[in-house]
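Listed here are the chains, written in short residue letters.
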Amino acid sequence: MRSDPASRVAAARALIGTPFRLQGRDADGLDCIGLIAFVHGLEVEAPRTYALRGTPVDQAQEMLGRHFARRSATPIRVADILLLQPGLAQLHLGLWTGTGLVHA
């Protein structure tokens, strides 16, 4: 696992341009969970049985809680993982770089 924020941000930025692929975990394609898993060296442990839409927030938070500590939303820090809800019944993850969000 990459321990320092600068390494995680660099790893995320290196993935910019990788095609989207649902449940993708490699350079052929990534989804948002795959991106976060890759950045943290958790590709093998990341779940692969989920739909594009419909995952309940509490289930996503529980899954994230297996590997990451939850904390208050503010202030956002460099390399924080953000759990977003861009639409009804749709969740999305991204990594905050300090100047923007890297996501799949």
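Residues numbered from 1 in each chain as written. Predicted model: local features only at pLDDT ≥ 70, side-chain atom pairs only at ≥ 80, totals over all residues. Heavy atoms only, no water.

Trainee: Kindly report on the sheet that holds strand S3 (residues 81-87), identifying the contributing residues and their values.
Mentor: An order of S3-S4-S5 is seen for the three strands of this open sheet, with the pairing classed as antiparallel. The open sheet is flanked by S3 and strand S5 (101-103), the only strands paired with a single partner. Direction aside, the axes of adjacent strands within the sheet are offset by 45° on average. Relative to S5, strand S4 (residues 90-96) runs antiparallel, the two being bridged by three bridges. Each bridged residue has a counterpart across the sheet, and for leucine 95 the counterpart in S5 is valine 102. Where helix H1 (residues 5-14) meets the sheet, its contacts fall on S4 and S5, and the angle it forms with S4 comes to roughly 120°. (Pairing = 2+ DSSP bridges. Helix = DSSP H or I, 4+ residues; strand = E, 2+ residues; numbered from the N terminus. Axes fitted to C-alpha atoms, helices over the stretch in contact; angles between N-to-C directions. Contact = heavy atoms within 4.5 Å.)

Trainee: Now, about the pairing of S4: what can you tell me, with residues and values included?
Mentor: Counting buried positions along S4 yields five of seven residues, so the element is predominantly enclosed. Where S3 hands over to S4, the hairpin turn is made up of two residues, of which alanine 89 adopts a positive phi near 60°. Hairpin connection from S4 to S5: four residues lie between these consecutive antiparallel strands, with glycine 98 at a positive phi of about 105°. (Buried < 20%, exposed > 50% of the residue type's maximum accessible area, 1.4 Å probe, protein only.)

Trainee: Which residues make up unusual backbone geometry, and what are the values?
Mentor: Backbone geometry places glutamine 23, a non-glycine residue, at a positive phi of 65°. A positive phi angle, close to 80°, is found at alanine 79, a residue other than glycine. Among the structural elements, alanine 79 can be located in the loop between helix H3 (57-65) and S3. For alanine 79, a relative accessible area of 5% gives the class buried.

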